[in-house]
Amino acid sequence: IFVASRMFRERTSCSPPQEPWIRPIEMADIKPEQIVTQARTWLGTKYHHQGRLKKSARGPGGVDCIGLIIGLIDELGIQDGNGHSLVAADEFNYSMYPERGRLVDSISKHLREVPLDQRRMGDVLLFRTFRDPQHVGLLTEYPSGGAGLIHCNSSAGQVVEQPLSDTWLRMLTHVYRFKKKQL
């Protein structure tokens, strides 16, 4: 699921700063609204397969759909149940068309699956756009009302937020939530 570019791996493999005011974030400290607010800071980041770089004043960055989720995990300091950065689970060897079941298996190891009809803001949504599930996004409350979706849309060429339309809902296969120990 979680794939990293060489630059991303080098950046995250450094020792964490030792400043006393920096501490890992416990998932109980993070609210779904905070996850969505942070995701919105990625809007406009350009699409790049296996990218993990957020837009900045220096450039347009580049991410794919799972890169957006990994970036959020990194920025929010989300950890696994053992206190390790969840970013460490990022993988590096996936194609644009994931192998059968691989994405589902990988996400299921790290996030808790919830029934489709129990989805809520801040959940990670998995979609089947071709044969197998291969696209992820984050569920939001769309600014003009209703459910929304923040995702890196390769057709748009960037991270966008759009209404969660009937078309997207027909393609929805799984809903995942960060585990309580992570939040």
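Draft legend 1. Expanded view of the packing of helix H2 (residues 32-40) against helix H3 (residues 65-76). Running from amino to carboxyl end, H2 crosses H3 at an angle of 115°, the nearest separation of the two axes being 10 Å. Relative to H3, the crossing made by H2 is right-handed. When H2 is examined against H3, the residues Ile35, Gln38 and Ala39 are found in contact with a partner set consisting of Leu72, Glu75 and Leu76. Classifying every residue of the contact of H2 with H3 gives four nonpolar, one polar and one charged.

Draft legend 2. Quick peek at the nonpolar core. Counting 32 residues, the largest nonpolar core has Val124, Val136 and Phe178 as the members making the most contacts within it. Every element with two or more residues in this core is listed here: H2, H3, helix H4 (102-110), strand E4 (124-128), strand E5 (133-141) and strand E6 (147-153). Looking at this core element by element, the count peaks at eight residues for H3. Listed in part, the nine residues of the second largest apolar core include Phe127, Leu139, Leu149 and Leu172.

Draft legend 3. Examining the confidence of the model for the protein chain more closely. Model confidence for the protein chain is summarised by a mean pLDDT of 83, while 82% of its residues fall at 70 or above. Per-element confidence in the protein chain ranges from a low mean pLDDT of 37 for helix H1 (residues 6-12) to a high of 98 for strand E7 (residues 158-163). Low pLDDT (under 50) marks residues 1-26, which in the prediction has 54 contacts with non-local residues, meaning those over four places away or in another chain.

Draft legend 4. Fine view of the side chain of Asp123. The residue Asp123 is located in the loop between strand E3 (112-114) and E4 in this model. Residue Asp123 is classed as buried on the basis of its relative accessible area, which comes to 1%. One polar contact links the side chain of Asp123 to the main-chain amide nitrogen of Arg120, over a distance of 2.8 Å. Sequence-distant contacts of Asp123, defined by excluding residues within four places in its chain, comprise Val114, Gln118, Gly137, Leu138, Leu139, Val175, Tyr176 and Arg177.

Draft legend 5. H3, seen in detail. When the terminal C-alpha atoms of H3 are compared, their 17 Å separation across twelve residues agrees well with the 16 Å that a helix rising 1.5 Å per residue should span. For H3, the buried fraction is high: ten of the twelve residues fall into the buried class. Of all the residues in H3, the buried ones are Cys65, Ile66, Gly67, Leu68, Ile69, Ile70, Gly71, Leu72, Ile73 and Leu76. Directly beyond the C-terminal end of H3, a positive phi value near 65° is found at Gly77.

Calculation notes
Residues numbered from 1 in each chain as written. Predicted model: local features only at pLDDT ≥ 70, side-chain atom pairs only at ≥ 80, totals over all residues. Heavy atoms only, no water. Axes fitted to C-alpha atoms, helices over the stretch in contact; angles between N-to-C directions. Helix = DSSP H or I, 4+ residues; strand = E, 2+ residues; numbered from the N terminus. Left-handed = near helix turned anticlockwise from the far one by under 90°. Contact = heavy atoms within 4.5 Å. Nonpolar A, V, L, I, M, F, W, Y, C, P; charged D, E, K, R; others polar. Core = buried A, V, L, I, M, F, W, Y, C linked by side-chain atoms within 4.5 Å. Buried < 20%, exposed > 50% of the residue type's maximum accessible area, 1.4 Å probe, protein only. pLDDT = per-residue confidence, 0-100. Polar contact = N/O pair within 3.5 Å; in protein donor to acceptor, adjacent residues only side chain to side chain. Expected span 1.5 Å × (residues − 1).

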